[in-house]
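# Examining the three-dimensional arrangement
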Amino acid sequence: MPKTMFDKIWDRHTVVGGGDGQSLLYISRHMVYDSSFHSFEFLKRRGLPVKRPDQTFATADHFVSTLGREISAIEDPESRHVVDLLHTNARDCGIPLIGLDDPRQGIIHVIGPELGIAQPGLLLVCADSHISTLGALGALAIGIGHAESTHVLATQTLWQNKPKLMRVTLAGTRPFGVTAKDIALAIVSTIGVSGASGHAIEFAGSTIRGLSMEERMTVCNMAIESGARVGMVAPDETTFAYLDDRPFAPRGTGRDRALAYWRTLPTDSDAGFDAEVSVDAGNIAPMVTWGITPGDALPINSTVPDPTAERDAESRTAMSQALEYMDLTPGARLTDIAIDRVFIGSCTNGRIEDLRAAAQVARCGRAVVPALVVPGSTPVKRQAEAEGLDRIFIDAGFEWRHSGCSLCVAINGDTCVPGERCASTSNRNYAHRQGRGVRTHLMSPAMAAAAALTGHLTDVRRLEGAGREC
Amino acid sequence: MLKPFKHLTAIAAPIDGPDMETDVLFPSRFLKKPLGPEYAEFLFHDLRFHADGTERADFILNQDPYRAASIIVAERNFGCGSAREGAVYSLVEYGVRVVIAPSFGDIFYFNCLTNGLLPIRLEAGPVAQLRRHVKELPGSPLGVDLEARTVTGPNDAKYPFEIDPSWRHRLMEGLDGVDVTLGHAAEIDAFEERYRADMAWLFNGDP
Ligand code: SF4
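The residue numbering used here restarts from 1 in each chain and proceeds along that chain's sequence as written. Both sets of labels track the order of writing: A upward for chains, 1 upward for ligands. The predicted nature of this model means local features are confined to residues of pLDDT at least 70 and side-chain atom pairs, given and counted, to a pLDDT of 80 or more, with totals for whole chains, interfaces and linings taken over all residues. Values shown for side chains rest on all heavy atoms present in the structure; no hydrogens or waters enter the calculation.

Accessible area lost during the coming together of the parts is what is often quoted as the interface size. All names here are of chain A. The assigned domain composition of chain A is domain 1 (5-276) and domain 2 (289-460). Note that domain bounds follow an automatic or database assignment of domains. The straight-line distance from the C-alpha centre of domain 1 to that of domain 2 is 24 Å. Note on contacts: a residue pair is in contact if any heavy atoms of the two residues lie within 4.5 Å. On the side of domain 2, 38 residues touch domain 1, which itself brings 39 residues to the contact. Here domain 1 meets domain 2 over a buried area of about 3,000 Å², counting both sides, of which 57% is carbon and sulfur. The salt bridge definition used is simple: a Lys or Arg side-chain nitrogen within 4 Å of an Asp or Glu carboxyl oxygen. Linking domain 1 with domain 2 are 1 salt bridge. Here Arg-428 makes a salt bridge to Glu-225, at a shortest N to O gap of 3.0 Å. Any pair of N or O atoms that falls within 3.5 Å is considered a polar contact. Within protein, one atom must be able to donate a hydrogen and the other to accept it, and sequence-neighbouring residues count only if both atoms are side-chain atoms. At the junction of domain 1 and domain 2, the tally comes to 24 residue pairs in polar contact (both at pLDDT 80 or more). For helices the rule is a DSSP run of H or I covering at least 4 residues; for strands it is a run of E covering at least 2, with both sets numbered from the N terminus onward. If you list the elements that add at least two residues to the side of domain 1 that touches domain 2, you get helix H4 (108-114), helix H6 (180-191) and helix H8 (213-221). Side-chain classes follow a simple rule in which Ala, Val, Leu, Ile, Met, Phe, Trp, Tyr, Cys and Pro form the nonpolar group, Asp, Glu, Lys and Arg form the charged group, and the remainder, Gly included, forms the polar group. Looking at the side of domain 1 that touches domain 2, its residues break down into 13 nonpolar, 16 polar and 10 charged. Buried surface area refers to the total accessible area, computed with a probe of radius 1.4 Å, that the two partners give up upon joining, counted for both partners together.

On to the packing of aromatic side chains. Two rings belonging to Phe, Tyr or Trp (six-membered ring only in the last case) form a pair when the distance between their centres is within 6.5 Å. Interplanar angles under 30 degrees mark stacking, angles over 60 mark edge-to-face geometry, and anything in between is tilted. Using the criterion set out here, one finds 21 aromatic pairs over all chains in the structure. When the ring of B:Phe30 is compared with that of B:Phe42, the centres are 4.2 Å apart and the planes differ by 10 degrees; the resulting orientation is stacked. On the criterion of sequence distance, the pair formed by B:Phe30 in the loop between helix H1 (22-25) and helix H2 (39-42) and B:Phe42 in helix H2 is long-range, its members being 12 residues apart. The same class applies to B:Phe30 as to B:Phe42, namely buried. Taken together, the ring pairs in this structure connect A:Phe42, B:Phe26, B:Phe30, B:Tyr39, B:Phe42 and B:Tyr89 into an aromatic cluster. When the ring centre of A:Tyr242 is taken as reference, the NZ or CZ atom of A:Arg246 above it lies at 3.8 Å. Lying across the ring of B:Phe203, B:Arg196 places its NZ or CZ 4.1 Å from the centre. Exposed residues in this analysis have more than 50% of their type's maximum accessible area, buried residues have under 20%, and partly exposed residues fall in between, with area computed by a 1.4 Å probe over protein chains only. Two conditions define a charge sitting above a ring: the NZ of Lys or the CZ of Arg must be within 6 Å of the ring centre, and it must be within 35 degrees of the ring normal.

The next subject is the domain arrangement of chain B. Per the domain assignment, the segments making up chain B are domain 1 (7-175) and domain 2 (176-207). Between domain 1 of chain B and domain 2 of chain B, the C-alpha centre-to-centre distance is 36 Å.

Here we take up the nonpolar core. Take the buried Ala, Val, Leu, Ile, Met, Phe, Trp, Tyr and Cys residues and link them wherever side-chain atoms come within 4.5 Å; each set so joined is a nonpolar core. Grouped together as the largest cluster of nonpolar side chains are 134 residues, with contacts concentrated most on A:Phe393, A:Phe398, B:Phe44, B:Phe78, B:Ile100 and B:Leu118. Looking at this core, the element that brings in the most residues is helix H16 (residues 445-454) of chain A, giving 8 residues. Residues contacting B:Phe44, with those up to four places away along its chain left out, are B:Ile15, B:Met20, B:Val24, B:Leu25, B:Phe59, B:Leu61, B:Ile72 and B:Phe78. Counting 89 residues, the second-largest nonpolar core is a separate cluster that includes A:Ile144, A:Ala184, A:Leu265 and A:Leu442.

Here the focus is the pattern of salt bridges. Within the structure shown, the criterion is met by 41 salt bridges over all chains. A salt bridge links A:Asp76 to B:Lys32, with the shortest nitrogen-to-oxygen separation between them at 2.8 Å. Of the two residues, A:Asp76 sits in the loop between strand E4 (56-59) and helix H3 (77-93) while B:Lys32 sits in the loop between H1 and H2, which places them in two different chains. Classification of A:Asp76 as partly exposed rests on a relative accessible area of 29%. Owing to a relative accessible area of 12%, B:Lys32 belongs among the buried residues under this scheme.

Residue and element names in this part refer to chain A. Paired strands, in this sense, are two strands between which DSSP finds at least two bridges. The sheet built from 3 strands is open, its strands ordered E1-E2-E8 with antiparallel pairing. Two strands in the sheet have a free side with no partner beyond their single neighbour: strand E1 (14-16) and strand E8 (157-161). Each strand axis lies, on average, 45 degrees off the axis of its neighbour in the sheet, ignoring direction. Two strands pair when backbone bridges link them, and strand E2 (residues 22-26) and E8 are joined in this way by 5 bridges, in the antiparallel orientation. Looking at the pairing, Gln-22 lines up with Asn-161 of E8. The sheet contacts of helix H1 (residues 5-12) involve E1, E2 and E8, and relative to E1 the element is tilted by about 50 degrees. To define axes, lines are fitted to C-alpha atoms, for helices over the stretch in contact only, and angles between the resulting N-to-C directions are given on a 0 to 180 degree scale.

Summarising the model, chain B shows a mean pLDDT of 92, and 98% of its residues fall at 70 or more. Prediction confidence for the complex, expressed as pTM and ipTM, is 0.91 and 0.93 respectively. pLDDT: the predictor's confidence for each residue, scored from 0 to 100.

This next bit is on unusual backbone geometry. All names here are of chain B. Residue Asp-64 is joined to Pro-65 through a cis peptide bond whose omega torsion reads 5 degrees. Note that Pro-65 resides in the loop between helix H3 (45-48) and strand E3 (71-73). Unlike most non-glycine residues, Asp-19 shows phi in positive territory, near 50 degrees. Here Asp-19 falls in the buried class, since its relative accessible area comes to 16%. Phi is positive for Arg-149, which is not a glycine, with a value near 55 degrees. Tracing the backbone shows Arg-149 in the loop between strand E6 (142-145) and strand E7 (150-152). Arg-149 gets classed as partly exposed once you look at its relative accessible area, which sits at 30%.

This part takes up the packing of helix H2 (residues 37-46) of chain A against helix H5 (residues 146-155) of chain A. Residue and element names in this part refer to chain A. Packing of H2 against H5 leaves a shortest axis separation of 8 Å and a crossing angle of 55 degrees. Regarding the angle of H2 to H5, the classification is oblique. Once H2 is placed against H5, the crossing between them reads as right-handed. Between H2, through His-38, Ser-39, Phe-40, Phe-42 and Leu-43, and H5, the contact on the second element is made entirely by His-146, Ala-147, Ser-149, Thr-150, Leu-153 and Ala-154. Grouping the amino acids of the contact of H2 with H5 by side-chain chemistry returns 6 nonpolar, 5 polar and no charged. Each angle gets one of four labels, with under 35 degrees taken as roughly parallel, over 145 as roughly antiparallel, 65 to 115 as roughly perpendicular, and the rest as oblique. When the near helix sits turned anticlockwise from the far one by under a right angle, the crossing is termed left-handed; a clockwise turn instead gives a right-handed crossing.

Take the packing of H2(A) against H3(A) next. Residues and elements named next belong to chain A. Two elements in contact, H2 and H3, have axes whose closest approach is 10 Å; the angle formed by their N-to-C orientations is 45 degrees. Between H2 and H3, the crossing angle belongs to the class labelled oblique. With respect to the hand of their crossing, H2 and H3 are arranged in left-handed fashion. Packed against H2, whose contacting residues are Phe-37, Phe-40 and Lys-44, the element H3 presents Val-82, Leu-85, Asn-89 and Cys-93 at the interface.

What follows is about the interface of chain B and chain A. Contact with chain B, which involves 58 residues of that partner, is made by 72 residues of chain A. At the junction of chain B and chain A, the tally comes to 11 salt bridges. With a closest N to O distance of 2.7 Å, B:Lys33 and A:Glu78 form a salt bridge. In this structure, the connection of chain B to chain A is made through 31 residue pairs in polar contact (both at pLDDT 80 or more). Those elements that place two or more of their residues in the side of chain B that touches chain A are helix H5 (106-114), helix H7 (165-173), helix H8 (177-182) and helix H9 (185-198) of chain B. It is H9(B) that contributes the most residues to the side of chain B that touches chain A, 9 residues altogether. Across the side of chain B that touches chain A, the residue classes break down as 25 nonpolar, 11 polar and 22 charged.

Put into structure tokens, the structure is as follows:
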């Protein structure tokens, strides 16, 4: 019976069940973070210990200050308290802690792959939806709730209903200037923000095969924005090479055994999916969002859409509301939209390749609006500094910070001024996400850097010097 | 132990707008709050209250009789966006026991179930009808019967719904997942022993 990669991993981890109802799944590795204090609280109320501390990993990211690495750098006492709680809970429960001052610290979905915690064929969970990022390595990475996280802490298992499977196939050569973020935005706008609801997505096709590991992570990160709970890419030589020498990845004979398992994972050629979507990568252009869902994305050379041209009444209303919140006029050119602030970072685009792409643009000018560069992890920060990227950013007038979720979620001291318009490399542009009344435009790191240099949304392909040495 | 749920007849409030994000149900600045009854205040906070803390009269939950609603009838893709479980805690603390919509954010849907809140998916047509009814006949209750898997509208029209049988059983008995799972301890331990042997490379890396 031919099987999909999803089914192979699911079946490998099924303890009880396997029928149409719920299955009890064994969890390979469980990530907890500073928002997990509710999960620990539930556990304490029940008086249960953590079953497998050695299969649990903890790091602080959401509430940390990007201004320093000491807990005292966190200005807000409540935020400081929850970061403190993570440290205490991890220590009390014997969970390996990658604390705020640890050189391996970072956004949980950035360090999962970076440290080799994520590997092909594992079942990974975290009480944060963007854990889907880790599916880029050919793992099954499922976002769960905090109460479910308690269940995993207590039992190292989880009850789940099997989702339907969707394959999103991308073929074609992506044109000059098109990044993984543009691909991700194009996919969300094709599928819609609930189009993959109830599904796990496998990304396949020659375009996906040609992506680097980090680019695959950007695509899997945003699988959630189509309503899916899982995004994954079959492991291949790119994956195996990426995992070499990562601290929690196997070595020596362990690696040989692991590799033998990893090679069995890709979907069998005649396995069926419940839904198939194909996207021509050759037609994708650098994208920006104009509205208040990640699906409201258009090529940068377009104009603000006109609700009156929309036939479906419900979409028409949603579009009008989005335009009202975003304070945009139908028909205006996207490149004429002036911005107040730029954010480069997050689990979508806070990795080293993202910072390199942004630096390449930043070196061609000077930021004319406040621009924040926040590495996705402390290792990314160190690597960028070793390459001199921090100097490029600082010389171009960008701020260079410590790692954390920062302006992606604006609950940690980094925030926009109410009503501001922000060019952001994060994954969510819902109303008020970056602060009260803040208008978010999602885009790639290169496009965000370009917007910083010009003060308006900008087609990076047309920016003087972009893509060339300057 | 969760509150067992079998039948409910209660006032329903229509919440307008598709793609209602968890961020709107539960603004991010409350994420760091300890659990407790205070969560009732956080529900739809920025739609319910002005910046100075006074109520916004235009919001449905600030209007009688909807203020006392235990059922919410929403539009498609309700609870989309981040995994934010506070959205569910705040619904529960407010006293909401059932949310009806044509579709839900996936994680939100399961967060409801794990926390003893019943999410009901009905076709878009019936949901639109229910929304119209509860608007036109304020205060006339909806009936929800989990045993029979039906919603009864104000005009006695019955709408059947589907729910996974094991979740239905758990909600009806008020069982928490951990209790159910601990009953499988022997199977889990046996599985774990084999798993840790077969995937030994996972368990001897650097700490
Ligand atoms: S960077 Fe943003 S999306 Fe990613 S984990 Fe942090 S808050 Fe969530």
